[in-house]
Amino acid sequence: MPSRSNGLPAEMEAVRTLALVGASAAGKSSLAESLLHKAGAIAACGSIERGSTVSDFDPLERRMLHSLNASVMHLTHAGTRIHFIDTPGGPDFLGQSLPALEAVETAAVVINAATGIEPMTVRMMEYAASRHLARMIIVNKIDSQGVSLAGLLADIQATFGRECLPLNLPDGVGRQVVDCFFNRFGQSDFGPVEAAHRALVEQVVEVDAAFVDRYLEEGDVDPAELHAPLEQALREGHLIPVCFVSSRSGAGLAELLDVIVKLLPDPTEANPPNFIVGEGAEAKPMEAKPDPSLHVLAHVFKVTVDPYVGKMGIFRVHQGTLTRDSQLYIGDGRKPFKVGHLFMLQGKDHVEVSHAVPGDIVAVAKVEEIHFDAVLHDAAEDAHVHLAPLAFPVPVHGLAVEPKRHGDEQRAWEILGKLAAEDPCLRIEHVAATNETVLYGLGELHLRIVLERLREVYRFEVLTRPPRIAYRETVTAPAEGHHRHKKQTGGAGQFAEVFLRIEPLARGAGFEFADEVRGGAIPGQFIPAVEKGVREVLAYGAIAGYPVVDVRVVVYDGKHHSVDSKDIAFATAGRKAFMAAIREARPAVLEPIVQIEIAVPEHAVGDVTSDLSSRRGLVTGTSGLGGGTVAIGGQVPEAELASYQSRLNAMTSGQGRYTIALSHYEAVPPAVQQALVGQYRVRDED
């Protein structure tokens, strides 16, 4: 076994952390279950089909038969504590899988041998590389019928580079594996292991000139001496080990546990986390040292909110030692909380522990102030320390929600807030332009699961619909309007007469109101009432029921009655005169145009740009992002993007993603305006 000696307490050398990431159906949850059983952490393996695995304990996960949340587990092997985070593999649940990368030294990307490299495999490898994590690839289900493992290894190297080298190789048609790092001789399903051993050693010694010279002179180097250059190769991405396993048959499980203990980095050997102190341009890098004797720094990468248990923060300790009596601050908060109970998690089970050292993943419960991405610390000077933010995909798939029962609006907002606290890719927004509460997620499945959780966990029913498009109305020509309001009902009557003219303003200019009445035709005290009537039309629309914008209104004449004129009469006359003028001013309905940025594989650029054009969109440019990905920029009407993520997934095999931001408003085509006006008339008549 390679030697480890860094001068720190032995407990520091005996911690490993891994996130199991990759595509859905790669077998991550089954692999975690098998490793727990192999290490003796559980008595028997659970089953996804029976809903009895440690990681998929949520009722929705059991029903849907795949992971929806990141789940934390731990085991002990060869005196080493290994923390696992099992993550969901669907692109709709990146809000659960990406934060797991903040808590580990190694991203273990799991590939299903039967289905090969999938889009999420590529994305998670890229995300892990961007966070400077050690990466390894675990090829699962190696005993599947009809698979070419040699062909898959060739695909892995073609996709991710020649630095992807096997630490072991399948043997006996996937019934077992043979080591090819410590073992120089032997046979495998790929042939003699010597070539794989030689490739590994050469790749590792390349990072250390002294070992290169020895290797050239002696023809080999004892792998037991290569621990330091091996860790350097992992840190630099110069080596991405590949291991073969079958969680179903157990092939390679013991060997994988040995690899984790013997070869993967401990907290002192990995690249340091990206801590920074300060905000904005003043922010500076800060190094968190994995030393248990220093003051505490820990990062909250997951929050759960249970209606019965309350809020729980799950965090990784990066520096210092936590005990059950520790006093911790949350970010720049001035009031500390006391750690009453400290837990290590085993799926849904909480295992109380006395302390935690750098590398440990632990949790505290019933601390309402704790939140996702918070830094926990016990020193005042760390109040402005935080981790460099993750680049989460922007949630753009929207769904308008309202409580089924009138009067439950406040409770709905509170519950949705709890769900958003658990998921950084879930956003809740009150859209003032349409007076709607809109839930934004990464896709249809993402929002469907949120609504299921709302119904099953919180027993709360909501009505949903696509969000309304924030159309606007305006005028395109000057016009005049006039209305005489006269009402006699037996007592005091109502009388007002208003003459006004309107003209269009530049797009985005808003609204202007001017009083040019002369000679007291309309007494000054009634002018605000006229403006009030005009503003009623601005709010509710004149032709299609949408707010009116970019118009100037000038009141220039009118008549009044010394007895019957009053505010309500002039408000009515102003409103109807304004509506009459709008009808003569060539009114137009405006629609929001959004700036869209779409990241797609190179092979899909033609299909995506063609589809964008068919949606009345304009492509403004393309640029390469590297790794075979192209960014497409353009503008498109917001109304054309309903269910766009589903369409984009179909065109890009699930690899496409996009973001939008409001650009400007412009007039809708005549056919669209006619339809909107027609719908408004029907609604108005009803």
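Our structure is the block above this text.
Everything numeric here is computed off the predicted structure, so don't read it as measured data. (Residues numbered from 1 in each chain as written. Predicted model: local features only at pLDDT ≥ 70, side-chain atom pairs only at ≥ 80, totals over all residues. Heavy atoms only, no water.)

## Here we look at the pattern of salt bridges
Counting across every chain of the model gives 27 salt bridges. Between glutamate 105 and arginine 316 there is a salt bridge, with the nearest N and O atoms lying 2.6 Å from each other. Of this pair, glutamate 105 sits in the loop between helix 4 (94-100) and strand 4 (106-112) while arginine 316 sits in strand 15 (residues 310-319), and the two are 211 residues apart along the sequence. Classification of glutamate 105 by relative accessible area gives buried; the value is 6%. The exposure class of arginine 316 is buried, given its relative accessible area of 4%. Here the residues in one salt-bridge network are Arg63, Glu452, Arg455 and Glu456, joined through shared partners. (Salt bridge = Lys/Arg side-chain N within 4 Å of Asp/Glu carboxyl O. Helix = DSSP H or I, 4+ residues; strand = E, 2+ residues; numbered from the N terminus. Buried < 20%, exposed > 50% of the residue type's maximum accessible area, 1.4 Å probe, protein only.)

## A word on helix 13 (residues 527-540)
Each α-helix winds once per 3.6 residues, and so residues spaced three or four apart point in a common direction. The terminal C-alpha atoms of helix 13, which comprises 14 residues, lie 21 Å apart, in line with the 20 Å expected from a rise of 1.5 Å per residue. All buried positions along helix 13 are accounted for by Ile527, Ala529, Val530, Gly533, Val534, Val537 and Leu538. Structurally, helix 13 contributes buried residues whose contacts are with strand 31 (494-504), strand 32 (511-515), strand 33 (551-559) and helix 14 (567-584). Immediately downstream of helix 13, the backbone of glycine 541 shows phi near 85 degrees, a positive value. (Expected span 1.5 Å × (residues − 1). Contact = heavy atoms within 4.5 Å.)

## Here we look at the nonpolar core
By size, the foremost hydrophobic cluster in this structure holds 96 residues, and its most contacted members are Ile137 and Val139. Ranked by residue count, the leading element in this core is helix 10 (residues 253-263), at 7 residues. Dropping the residues within four chain positions of it, valine 139 is found in contact with Ile111, Ala113, Leu149, Leu152, Ile156, Val242, Cys243, Phe244 and Val245. (Core = buried A, V, L, I, M, F, W, Y, C linked by side-chain atoms within 4.5 Å.)

## Some remarks on the pairing of strand 11 (residues 240-244)
In terms of burial, strand 11 is a largely internal element, 5 of the 5 residues being buried. The alternating pattern of strand 11 places Ile240, Val242 and Phe244 and Pro241 and Cys243 on opposite faces, both of which are buried. Inspection of the sheet shows strand 6 (residues 164-166) paired to strand 11 by 3 bridges, in the parallel sense. When the bridges of strand 11 are listed, proline 166 appears paired with valine 242. (Pairing = 2+ DSSP bridges.)

## Some points on the sheet that holds strand 27 (residues 436-441)
Spatial ordering of the open sheet is given by 26-27-25-28, a layout of 4 strands whose pairing is antiparallel. Each edge of the open sheet carries a strand with a single partner, namely strand 26 (427-431) and strand 28 (462-465). This sheet shows a mean twist of 35 degrees between the axes of neighbouring strands, independent of strand direction. Alignment of strand 26 against strand 27, held across 5 bridges, turns out to be antiparallel. Its bridge partner being in strand 27, valine 431 is matched across the sheet by glutamate 436. Contacting strand 25 (397-403), strand 26 and strand 27, helix 11 (residues 409-422) crosses the sheet at an angle of about 145 degrees to strand 26. (Axes fitted to C-alpha atoms, helices over the stretch in contact; angles between N-to-C directions.)

## Things to note about the sheet that holds strand 33
Strand order across the open sheet formed by 4 strands is 30-31-33-32, with mixed pairing between neighbours. The sheet is open, and its two edges are formed by strand 30 (479-487) and strand 32, each paired on a single side. Strand-to-strand twist of the sheet, defined as the mean angle between neighbouring strand axes without regard to direction, takes the value 25 degrees. Here 8 bridges tie strand 31 to strand 33, and the two strands are oriented antiparallel to one another. The residue of strand 33 that forms the bridge with phenylalanine 499 is aspartate 557. Sheet strands touched by helix 13: strand 31, strand 32 and strand 33. Its angle to strand 32, the strand with the most contacts, is close to 155 degrees.

## Topic: the packing of helix 15 (residues 605-614) against helix 16 (residues 644-652)
For the pair helix 15 and helix 16, the least separation of the axes is 9 Å and the interaxial angle reads 150 degrees. Relative to helix 16, the element helix 15 is oriented roughly antiparallel. Crossing of helix 15 against helix 16: the hand is right-handed. Each of Asp607, Val608, Asp611 and Leu612 in helix 15 lies in contact with helix 16, whose residues at this interface are Tyr644, Arg647, Leu648, Met651 and Thr652. (Parallel < 35°, antiparallel > 145°, perpendicular 65-115°, else oblique. Left-handed = near helix turned anticlockwise from the far one by under 90°.)

## Re the packing of aromatic side chains
Remark: the centre distance and the inter-plane angle together describe each pair of aromatic rings, the angle taken between the planes. Tallied over the entire structure, the rule returns 7 aromatic pairs. When the ring of phenylalanine 181 is compared with that of phenylalanine 182, the centres are 5.0 Å apart and the planes differ by 80 degrees; the resulting orientation is edge-to-face. Judged by relative accessible area, phenylalanine 181 falls into the buried class, the value being 1%. Pairing phenylalanine 499 with tyrosine 556 gives two aromatic rings, centres 6.3 Å apart and planes at 45 degrees, and the pair type is tilted. Of this pair, phenylalanine 499 sits in strand 31 while tyrosine 556 is found in strand 33, placing the two residues 57 residues apart along the sequence. (Phe/Tyr/Trp six-rings, centres within 6.5 Å; stacked < 30°, edge-to-face > 60°.)

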